[in-house]
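Structure at a glance
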Amino acid sequence: MSREWIIFAICLGLGGHVALAVVLHAPDLWPSSKAWLYGLLSGLALYVVVQVIRSLWWIFRGKSSDERDSHGDQRIGHS
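Predicted model, so just to flag it, every value in this text is computed and none were measured.

1. Describing the pattern of salt bridges
Side-chain pairs of opposite charge can arise whenever the charged atoms involved come near each other. For the structure shown, the criterion picks out one salt bridge. Of the charged contacts, one joins E4 and R54 as a salt bridge, the two residues approaching to 2.8 Å between their closest N and O atoms. Taken together, the residues span a long stretch of sequence, with E4 in helix α1 (residues 2–25) and R54 in helix α2 (residues 35–70) at a distance of 50 residues. For R54, a relative accessible area of 22% corresponds to the partly exposed category.

2. Brief notes about the packing of aromatic side chains
What the rule picks out here adds up to three aromatic pairs. Where W5 meets F8, the ring centres are 6.0 Å apart and the plane angle is 85°; that geometry is what we call edge-to-face. Separated by three residues within a single helix, W5 and F8 lie in helix α1, roughly one turn from each other. On the basis of relative accessibility, which here comes to 23%, the residue F8 falls in the partly exposed class. Between the aromatic rings of W30 and Y38, the centroid separation amounts to 4.7 Å while the plane-to-plane angle is 20°, which identifies the pairing as stacked. On the basis of relative accessible area, W30 is assigned to the partly exposed category, the value being 21%. Pairwise contacts between aromatic rings join W5, F8 and Y47 into one cluster.

What counts, and at which threshold
- Residues numbered from 1 in each chain as written.
- Predicted model: local features only at pLDDT ≥ 70, side-chain atom pairs only at ≥ 80, totals over all residues.
- Heavy atoms only, no water.
- Salt bridge = Lys/Arg side-chain N within 4 Å of Asp/Glu carboxyl O.
- Helix = DSSP H or I, 4+ residues; strand = E, 2+ residues; numbered from the N terminus.
- Buried < 20%, exposed > 50% of the residue type's maximum accessible area, 1.4 Å probe, protein only.
- Phe/Tyr/Trp six-rings, centres within 6.5 Å; stacked < 30°, edge-to-face > 60°.

Here you go:
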């Protein structure tokens, strides 16, 4: 559970940095008064992307380990 909170906090931090970078380098795109909203939305969008990638990783990893088990090969680390 703590791993999820850490990932969430990192994503929110990166979203805030993205918003700050856009406000500082291209202020005509995002007004500074709405930077908090764009930072929050960027962080949440990044969190969703990270979770989708993690889900795809687990699906791919699960399929590859199931294929090895069905062929009778022993998985590494198990006796």
